[in-house]
Amino acid sequence: QVQLAESGGGLVQAGGSLRLSCAVSGRTFSTYVMGWFRQAPGKEREFVATITWSGGSTAYGDSVKGRFTISRDGAKLTVYLQMNSLKPEDTAVYYCAARKVTMKEYPYWGQGTQVTVSS
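Everything numeric here is computed off the predicted structure, so don't read it as measured data. (Residues numbered from 1 in each chain as written. Predicted model: local features only at pLDDT ≥ 70, side-chain atom pairs only at ≥ 80, totals over all residues. Heavy atoms only, no water.)

Concerning the overall build of the protein chain
Alright, step 1. Secondary structure assignment for the protein chain yields zero helices and eleven strands.
Alright, step 2. Ordered by position from N to C terminus, the α and β elements of the protein chain give β-β-β-β-β-β-β-β-β-β-β.
Alright, step 3. In terms of overall dimensions, the protein chain is globule-like: its C-alpha atoms have a radius of gyration of 13 Å, near the 14 Å expected for 119 residues.
Alright, step 4. Across its three principal axes, the protein chain shows a C-alpha extent of roughly 40 × 25 × 25 Å.
Alright, step 5. In the protein chain, which comprises 119 residues, the proportion classed as buried is 40%. (Helix = DSSP H or I, 4+ residues; strand = E, 2+ residues; numbered from the N terminus. Rg over C-alpha atoms; globule rule 2.2 N^0.38 Å. Buried < 20%, exposed > 50% of the residue type's maximum accessible area, 1.4 Å probe, protein only.)

Side note on the pattern of salt bridges
When charged atoms on two side chains of opposite charge get close, those side chains can pair.
Alright, step 1. All told, the structure shown has four salt bridges when counted by the stated rule.
Alright, step 2. E46 is the salt-bridge partner of R38, the closest N and O atoms lying 2.8 Å from each other.
Alright, step 3. Residue classification places R38 among the buried positions, given a relative accessible area of 5%.
Alright, step 4. Judged by relative accessible area, which is 30%, E46 ranks as partly exposed. (Salt bridge = Lys/Arg side-chain N within 4 Å of Asp/Glu carboxyl O.)

Some remarks on the state of the cysteines
Alright, step 1. Evaluated as defined, the whole model comprises one disulfide.
Alright, step 2. Through a disulfide, C22 is tied to C96; the S-S separation comes to 2.1 Å. The disulfide joining C22 to C96 has a torsion of about -80 degrees about its S-S bond and is therefore left-handed. Residue C22 is found in strand 3 (residues 18-25), and its partner C96 is found in strand 9 (residues 92-100); the two are separated by 74 residues along the sequence. The two residues C22 and C96 agree in class, both being buried. (Disulfide = S-S within 2.5 Å.)

A look at the packing of aromatic side chains
Alright, step 1. Overall, the coordinates contain eight aromatic pairs when judged by the stated rule.
Alright, step 2. Between F29 and Y32, the aromatic rings sit 5.1 Å apart at their centres with planes inclined by 65 degrees, giving edge-to-face as the arrangement. Taken individually, F29 and Y32 each receive the classification buried, so the pair is uniform in this respect.
Alright, step 3. Between F37 and Y106, the aromatic rings sit 5.1 Å apart at their centres with planes inclined by 75 degrees, giving edge-to-face as the arrangement. Taken as a pair, F37 in strand 4 (residues 32-39) and Y106 in the loop between strand 9 and strand 10 (108-109) lie far apart in primary sequence, 69 residues in all. Each of the two residues, F37 as well as Y106, counts as buried.
Alright, step 4. Each member of the aromatic cluster is reached from another via a ring pair, and the members are F37, F47, Y95, Y106 and W109. (Phe/Tyr/Trp six-rings, centres within 6.5 Å; stacked < 30°, edge-to-face > 60°.)

Focus: the sheet that holds strand 8 (residues 78-83)
Strand pairs in the sheet, formed through backbone hydrogen bonds, run parallel or antiparallel to each other.
Alright, step 1. One open sheet holds the four strands; their spatial order is 1-3-8-7, and the pairing between them is antiparallel. Edge positions in the open sheet fall to strand 1 (3-7) and strand 7 (68-73), since each of these has one partner strand only. Each strand of the sheet is rotated relative to its neighbour by a mean of 15 degrees, with strand direction disregarded.
Alright, step 2. Relative to strand 3, strand 1 runs antiparallel, the two sharing five bridges. Following the sheet pairing, E6 is matched in strand 3 by C22. (Pairing = 2+ DSSP bridges. Axes fitted to C-alpha atoms, helices over the stretch in contact; angles between N-to-C directions.)

By themselves, these figures tell us nothing about what the structure is for.
Take a look at the structure:
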């Protein structure tokens, strides 16, 4: 059973940085794609970033390009989201998710971690 556990959220001032972590367990993840998504109150869930576990190929949502960086550490079985130049509109609950490369949807989700950016 795949388990994902996010950490690292908190309160930060605009312009600041945070690094989110997603600890993964339960599978060999070499054939998986890991993703970060976020959801602000009253808004739909938004794609933030993805990374392939095997090759490290990345993709980013337009609103975070150039500010956020996704990475993974195979030895630690952890996926990271480095968030720089944070803006109040980045305030949301951030979720880690996983899917096999052959899937379109993400069946595995973490519990989420709150990020609040004050102006």
